[in-house]
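# Reading the structure
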Amino acid sequence: MKTSIYKIQSNRALRSDIYEMKLKGDTSSIKAPGQFVNIKIEGLYLRRPISICDWDQNQLTIIYKVVGEGTERMARMAPGQELDILGPLGNGYDLDKIEAGAKEKRPLLIGGGVGIPPMYGLAKALLDRKVPPEVILGFNKSEEIFYEKEFKDLGVDVKVTTANGSYGIEGFVTDATKNPGYVCACGPEPMLKAVWDKAENGQFSFEARMACGFGGCMGCSCQTKYGAKRICKEGPVLEKEEILW
Amino acid sequence: MVDTRVRLSGLTLENPVIPASGTFGYGKEYTEFYDINILGSISFKGTTADPRFGNPQPRIAECSQGMINSVGLQNPGLEAVINKELPELAKIYKKPVIANVSGFSIEEYAKCAEAMDRQQQVGIIEVNVSCPNVHDGGMAFGVLPESAAEVTKAVKAVTKKPVYIKLSPNVTDIVSIARACEEAGADGLSLINTLLGMRIDIKRRQPVIANKMGGFSGPAIFPIAVRMVYQVAKAVNIPVIGMGGVSSARDVVEMMMAGATAVQVGAANLVNPYACKEIIEELPLLLEELGIDRLEDIIGIAE
């Protein structure tokens, strides 16, 4: 965990308000998919926490949705620009547990909206371990869909759901699976809860408003079966059995 | 070589830079960024008698040049702090620390202070009578001279360690409260705590923070902090630890010229985990540039 300077390689709109940014920099400390980075944006006080989508030796990919001042500024950034990034932060997904938990059925990765990006890195990591996952990507409508092709290009089974039925399976991500076994999910909290209710076991990634991102302020704490945990430090990924709703 | 040492009630700090309570936990998280033994001292996370989860989410809101928090004194409680957190802190930080204590009653303040009095590593007890994030307590004691004095007396009665009262800026006349604490026996004062603030999400049409209001901190409040430190330091004869938006070595010098003997750094740690380290490294260079040989010489120098 440290701050370092990354250089923007590309910053392209995947959809009207969804952007993919590729950054060149030191990725050597990233230890698991599901970790995130905290990005300093010139002129704004707090850093912006964004999940890591993918990485290799010297490139980091993030996908973000324009939801406010910080991400609006990010969307206007051009290749060549440098960013002060703190990370990697958080625990990320525990691959050993996924492998152990998905002995009988393949692991199921479920992403909703901007909860999808970390599932991409996770799918790649599981493929590296020869544990091919199944993937469900949930959106509200067809105009919001991104990364379907990228997931398919990995060679994994991908189902897409849209709440309004304009593409793929009509309904929510839970409508695309009957008896989910070991699930890894990231997305809005109502989606996580619905998946949590159905899944036998799994790991769930949560969002929270944060200040520091590294455990200094307790701003993002949540209650778990094992006491208070900081989403930024002991999270953002929590085990199914410890989550309290 | 410039002399950056400062003295706080018999304690000599190598430099005046202290991370502020609530922004530094018990130091552990920051050891991943630098050796925290360079710090003048550490004011660790506020302790209450019982464990507290704090306020509901969300607890953080961004502001121009600052932030609002409504963490609400989340801490594992006195017993766990003494038996677990402080021994761990002693392993990573070798100098005396500042024990920040809070309470919802005079008795709770005294109970926490009494327990901290027995901890060898505690050099100063900092009494938080000014947290804006807890109902029916916390700040209520700090907004009136009488109740602030009452807490001061109760804490002084149970400890021989220096007692610093951490004051709220959310008052009509901070000087009268400072004087009341001094008369009640306080060995020093810490100021300012956060300013009560609020943000509203204009899309949701609702407050950003679940608790509606919270404590505003960051560079935006620095001029208010300098003004209050200046007013209080001129009015009392006990040391003042100045804080509120301090983010650079220049801010440290300015705060000390206003009357602070030492300085706490809060929100800056959260946006730049290296903030204290950078300030400590920058300070001697800045002092040299300003022609200051001994940092203590500038305390309260501004007329």
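The model shown is predicted, which means the values in this text are computed figures rather than measured ones. (Residues numbered from 1 in each chain as written. Chains lettered and ligands numbered in written order. Predicted model: local features only at pLDDT ≥ 70, side-chain atom pairs only at ≥ 80, totals over all residues. Heavy atoms only, no water.)

### Examining the overall build of chain B
Each helix and strand counted, chain B has 8 helices and 15 strands in total. Against the compact-globule benchmark of 19 Å for 303 residues, chain B has a radius of gyration of 18 Å, which places it among compact chains. Dimensions of chain B along its principal axes, counting C-alpha atoms only, are 50 × 50 × 40 Å. Expressed as a percentage of the 303 residues in chain B, the buried residues total 63%. In chain B, the proportion of contacts linking residues at least 24 apart, taken out of those at least 6 apart, comes to 72%. When the accessible surface of chain B is totalled, it reaches about 11700 Å², and 52% of it is carbon and sulfur. On chain B, the mean spot of the 28 positive side-chain charges and the mean spot of the 34 negative ones are 5 Å from each other. (Helix = DSSP H or I, 4+ residues; strand = E, 2+ residues; numbered from the N terminus. Rg over C-alpha atoms; globule rule 2.2 N^0.38 Å. Buried < 20%, exposed > 50% of the residue type's maximum accessible area, 1.4 Å probe, protein only. Contact = heavy atoms within 4.5 Å. Areas by Shrake-Rupley, 256 points an atom, 1.4 Å probe, with all protein chains shown as cover. Lys, Arg positive; Asp, Glu negative; His and termini not counted. Charge placed at Lys NZ, Arg CZ, Asp CG, Glu CD.)

### Observations concerning the interface of chain B and chain A
Listed by partner, the interface residues are 33 residues for chain B and 27 residues for chain A. Here chain B packs against chain A, burying approximately 2500 Å² in sum over the two surfaces, 58% of which is carbon and sulfur. When the buried surface of chain B facing chain A is broken down by residue, B:Ile60, B:Glu62 and B:Val271 rank first, second and third, together holding 25% of it. In this structure, the connection of chain B to chain A is made through 3 salt bridges. As a salt-bridge pair, A:Arg230 and B:Glu29 come within 2.6 Å of each other at their nearest N and O atoms. Counting across the interface, chain B meets chain A through 12 residue pairs in polar contact (both at pLDDT 80 or more). (Buried area = accessible area lost by both parts, 1.4 Å probe. Salt bridge = Lys/Arg side-chain N within 4 Å of Asp/Glu carboxyl O. Polar contact = N/O pair within 3.5 Å; in protein donor to acceptor, adjacent residues only side chain to side chain.)

### Concerning the packing of helix α3 (residues 145–156) of chain B against helix α4 (residues 174–183) of chain B
All names here are of chain B. For the pair α3 and α4, the least separation of the axes is 8 Å and the interaxial angle reads 30 degrees. If you check the angle between α3 and α4, you find them roughly parallel. The handedness of the crossing between α3 and α4 is right-handed. Packed against α3, whose contacting residues are Pro145, Ala148, Ala149 and Thr152, the element α4 presents Ser176, Ile177, Ala180 and Cys181 at the interface. Partitioning the contact of α3 with α4 into residue classes produces 6 nonpolar, 2 polar and no charged. (Axes fitted to C-alpha atoms, helices over the stretch in contact; angles between N-to-C directions. Parallel < 35°, antiparallel > 145°, perpendicular 65-115°, else oblique. Left-handed = near helix turned anticlockwise from the far one by under 90°. Nonpolar A, V, L, I, M, F, W, Y, C, P; charged D, E, K, R; others polar.)

### Remarks on the UniProt feature "binding site: substrate" (unreviewed entry) in chain B
All names here are of chain B. Here the UniProt feature "binding site: substrate" (unreviewed entry) sits at Lys45, Asn69, Ser70, Val71, Gly72, Leu73, Asn128, Asn193 and Thr194. Of the annotated positions named here, the largest cavity is lined by Lys45, Asn69, Val71, Gly72, Leu73, Asn128, Asn193 and Thr194. With respect to the helices and strands, Leu73 occurs in the loop between β5 (66–69) and α1 (78–92). Residue Leu73 is classed as buried on the basis of its relative accessible area of 9%. In this structure Leu73 touches Lys45, Thr48, Arg52, Ser102, Asn128, Cys131 and Val134, once residues within four positions along its chain are discounted. Given the relative accessible area of 5%, Asn128 is considered buried. If we skip the residues at most four places from it in the chain, Asn128 touches Leu73, Asn100, Val101, Ser102, Tyr109, Lys166 and Asn193. (UniProt positions renumbered as here; feature names shortened; annotations may be inferred. 1 Å grid on protein atoms, 1.4 Å probe; cavity = no way out; pocket = protein on both sides within 12 Å on 5 of 7 lines; lining within 4 Å.)

### Notes on the side chain of B:Asp3
All names here are of chain B. With respect to the helices and strands, Asp3 occurs in the segment before β1 (6–8). A polar contact of 3.0 Å, which involves the side chain of Asp3, links it to the backbone nitrogen of Arg5. Beyond its immediate sequence surroundings of up to four residues, Asp3 is in contact with Asp293, Arg294 and Leu295.

### Re the packing of helix α5 (residues 222–235) of chain B against helix α6 (residues 249–257) of chain B
Residue and element names in this part refer to chain B. Packing of α5 against α6 leaves a shortest axis separation of 8 Å and a crossing angle of 30 degrees. Looking at the two axes, α5 sits roughly parallel to α6. From α5, Phe222, Ala225, Val226 and Val229 reach across to α6, where they touch Asp251, Glu254 and Met255. Along the lines of polarity and charge, the residues of the contact of α5 with α6 split into 5 nonpolar, no polar and 2 charged.

### A closer look at the pattern of salt bridges
A side chain with one charge can pair with a side chain of the opposite charge if their charged atoms come near. Residue and element names in this part refer to chain B. A full pass over the atoms with the stated rule returns 31 salt bridges over all chains. The residue Asp3 makes a salt bridge to Arg5 at a minimum N-O spacing of 3.0 Å. Residues participating in the shared-partner salt-bridge network are Arg7, Arg294, Glu296 and Asp297.

### Focus: unusual backbone geometry
Cis rather than trans, the peptide bond between A:Gly235 and A:Pro236 has omega equal to 5 degrees. Structurally, the position occupied by A:Pro236 is in the loop between β14 (227–230) and β15 (237–239). Cis geometry is adopted by the peptide bond preceding B:Ile192, which originates at B:Leu191 and carries an omega value of 10 degrees. Along the chain, B:Ile192 turns up in the loop between β9 (188–191) and β10 (195–198). Its identity as a non-glycine residue notwithstanding, A:Tyr147 has a phi of 65 degrees, on the positive side.

### Notes on the UniProt feature "binding site: [2Fe-2S] cluster" (unreviewed entry) in chain A
Under the UniProt annotation, "binding site: [2Fe-2S] cluster" (unreviewed entry) lies at A:Cys212, A:Cys217, A:Cys220 and A:Cys232. In three dimensions, the annotated residues from a span of 21 residues occupy one location, with a maximal C-alpha spread of 10.1 Å. Among the residues just listed, A:Cys217 line the largest cavity. For A:Cys217, the location among the structural elements is in the loop between β12 (201–205) and β13 (221–224). Sequence-distant contacts of A:Cys217, defined by excluding residues within four places in its chain, comprise A:Ala211, A:Cys212, B:Gly22, B:Val71 and B:Leu270. In this structure, A:Cys220 is in contact with A:Ala208, A:Arg209, A:Met210, A:Lys229, A:Arg230, A:Ile231, A:Cys232 and B:Gln57, ignoring residues within four places of it in sequence.

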